[in-house]
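So the chains spell out like this:
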Amino acid sequence: MFIRLVFISFCFHFYCCESVQVSKFTISRIAFAIKRFQEQESKRIFILREWPAMESIAGEAEKNLSVDAYMSPPILIFDVLTCYGGIMNHLCCPVCLKSGQSSTLRPTGLWTDGTTRCVYEPRVVYDVSCSLILVSAVYSCCNSHQIPAHNPHVLSSLPSLLYVPFYLTNRAGFTTDMLTQICSLVDSGMSFHSVEGVICSQYRQHHWRLRCCFTEACTRLGISSLSFPEFSQGTFPYPHEILLREVFMAYSSLFHHTFHTDMADRTSSWISCDHTFKSAANIGFVRKSDGRWIKLFKCIFCVMGIDGSVIHWRFTRGESFEEVRDLFLELRNRFNSRNISLQGIVIDNCCKWKGLLTGIFHNVQVKLDLFHAVQRFQRTLSRDVRLRS
């Protein structure tokens, strides 16, 4: 329930999505996708994702070979009332609710399909290897308010068991598959710049496959007047670093409460503490004046349990004990509330911090960690011995 409520705020914060300009060919494909969606017996979320239609290079249709047939993105059809009509039989108009009224949304037969009949435009949704075009059904109330199916009020009305395959941002949107990949790459320690490089490579490979398919068709038909556009952000858009950072932060906030609840229950009889510097380099902002990346913190102070799990952590601007004193006080209170006796602390600067730590955890053992113990031992060896070993 909590994640559903946070998802509402996520959608509200990012609802003013930019629309996408679509070609006449793509508009015709959207119409075809809507027709296919309406014809299928089991109406669920529909994605028209076929490879460039082979019928466009066969028979009479060969003369109509065009670049648009290969560059046109997949179409994602989304209609809450049709897909989940048995569950969502009553959907309130959010505009009327704001004015204290209550009215029910009904289908209009309109879609965010890029035509002039609807005030809404299609949206870009980034997938793993290419962008999709989100086309939503448009509903209306008795006061003639037009509300698309991807409206945050509509999405927040869905039961948590229903699957929504995308998340909207203020600039575009991301499929859940794409968000899962982004989170996995960031969790592995990659910077957002490197994540952009991975995604760019995936999009580039997809573009290359389309180009090969197009070139083969032109060769087969003896057409030399058509050229396939080069891969670029303008011709084959992919999410850039700033957008990736924004959506990652917003998506992560959905699990903020879950994270803190889980972390508050973690304890251990022994803990290991250390500063790490690499990950902290990814925390900062781009300065608008010169585009320079400004780091906000020097390092991350991590506290791990005996099983290797992180039980506490904090960004710090230095390696002073004062920056993490309250962190240890929090751990002491957590351990005491669960009747856990901390037996020992393993740390790299045991000599400097031993007195400070025993002042918080009485009678606790403070030991030097193995990595730094080995380093100290190596420094006692002569240079020749170290080189030979």
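Higher on the page you've got the structure.
Residues numbered from 1 in each chain as written. Predicted model: local features only at pLDDT ≥ 70, side-chain atom pairs only at ≥ 80, totals over all residues. Heavy atoms only, no water.

The secondary structure content of the protein amounts to 14 helices and 15 strands. Of the contacts made within the protein by residues no fewer than 6 positions apart, 66% connect residues no fewer than 24 positions apart. Here the protein has roughly 21,100 Å² of accessible surface; of this, 55% comes from carbon and sulfur atoms. (Helix = DSSP H or I, 4+ residues; strand = E, 2+ residues; numbered from the N terminus. Contact = heavy atoms within 4.5 Å. Areas by Shrake-Rupley, 256 points an atom, 1.4 Å probe, with all protein chains shown as cover.)

A few words now on the pairing of strand E13 (residues 310-316). Note: strand E12 (residues 299-305) against E13, six bridges, orientation antiparallel. Bridging from a neighbouring strand, Val-303 pairs with His-312 of E13. Once E12 ends, the chain turns through four residues before running back antiparallel as E13, passing Gly-308 with a positive phi of about 90 degrees. (Pairing = 2+ DSSP bridges.)

Attention now goes to the pairing of E12. Here E12 lies mainly inside the structure; five of its seven residues are buried. Bridge count for strand E9 (residues 270-276) against E12 is six bridges, and the pairing is antiparallel. Counted as the bridge partner of Asp-274 is Cys-302 from E12. (Buried < 20%, exposed > 50% of the residue type's maximum accessible area, 1.4 Å probe, protein only.)

Despite not being glycine, Asn-339 has its phi angle at roughly 55 degrees, a positive value. By the secondary structure assignment, Asn-339 is in the loop between helix H11 (325-337) and strand E14 (344-347). Phi at Asn-363 is positive, roughly 65 degrees, even though this residue is not glycine. Position of Asn-363 among the secondary structure elements: in the loop between helix H12 (350-358) and strand E15 (365-368).

Once that is clear, we can look at the state of the cysteines. In this structure the tally under the stated criterion is zero disulfides. Here Cys-96 stays free of any disulfide, with the sulfur of Cys-141 as its closest cysteine sulfur at 3.7 Å. Given the relative accessible area of 1%, Cys-96 is considered buried. (Disulfide = S-S within 2.5 Å.)

Moving on: the packing of helix H7 (residues 176-187) against helix H8 (residues 192-221). The geometry of a pair of packed helices is captured by two quantities: the angle between their axes and the separation between those axes. As a packed pair, H7 and H8 sit with axes 10 Å apart at the nearest point and diverge in direction by 135 degrees. The angle between the axes of H7 and H8 places the two elements in the oblique class. Where H7 crosses over H8, the two elements pack in a sense that is right-handed. Contact residues: Met-178, Gln-181, Ile-182, Leu-185 and Val-186 in H7; Phe-192, Val-195, Val-198, Ile-199, Gln-202 and Tyr-203 in H8. (Axes fitted to C-alpha atoms, helices over the stretch in contact; angles between N-to-C directions. Parallel < 35°, antiparallel > 145°, perpendicular 65-115°, else oblique. Left-handed = near helix turned anticlockwise from the far one by under 90°.)

All right, on to the sheet that holds E13 then. Read from one edge of the open sheet, five strands run E13-E12-E9-E14-E15, paired in mixed fashion. For this open sheet the edge positions go to E13 and E15, each flanked by a neighbour on one side alone. Between one strand and the next, the sheet's axes are offset by a mean angle of 20 degrees, whatever the strand orientation. Two elements, E14 and E15, share four bridges in a ladder whose sense is parallel. Note on E15: the bridge partner recorded for Gly-344 is Gln-365. Its contacts with the sheet place H11 against E9, E12 and E13, and it is angled at close to 160 degrees to E13. Lying on the sheet, H12 is in contact with E9, E12, E14 and E15; it crosses E15 at an angle near 165 degrees.

Our next topic: the packing of aromatic side chains. Tallied over the full model, the rule gives 19 aromatic pairs. Ring geometry for Phe-214 and Phe-228: centres 5.2 Å apart, planes at 40 degrees, overall tilted. Pair noted here: Phe-214 is in helix H8 and Phe-228 is in the loop between H8 and helix H9 (241-253), with a separation of 14 residues, a long-range link. Phe-228 carries the same exposure label as Phe-214, and that label is buried. Seen in terms of ring centroids, Phe-231 and Tyr-238 are 5.7 Å apart; in terms of plane orientation they differ by 5 degrees. Their pairing is stacked. Exposure class is identical for Phe-231 and Tyr-238. Each is buried. Members of the aromatic cluster, connected to one another through ring pairs, are Phe-301, Phe-321, Phe-328, Trp-353 and Phe-361. (Phe/Tyr/Trp six-rings, centres within 6.5 Å; stacked < 30°, edge-to-face > 60°.)

This part takes up H7. Compared with an ideal rise of 1.5 Å per residue, which puts 12 residues at 16 Å, H7 spans 16 Å between its outermost C-alpha atoms and is within 8% of the ideal. Buried residues of H7: Thr-176, Met-178, Leu-179, Gln-181, Ile-182, Cys-183, Leu-185 and Val-186, and no others. Where H7 terminates, the next one or two residues include Gly-189, which has phi positive at roughly 105 degrees. (Expected span 1.5 Å × (residues − 1).)

Checked against the element boundaries, Asp-348 lands in the loop between E14 and H12. Once residues lying within four places of it in the same chain are set aside, the contact partners of Asp-348 are Cys-273, Asp-274, Leu-368, Asp-369, His-372 and Arg-376.

Nothing here speaks to function; it is geometry throughout.
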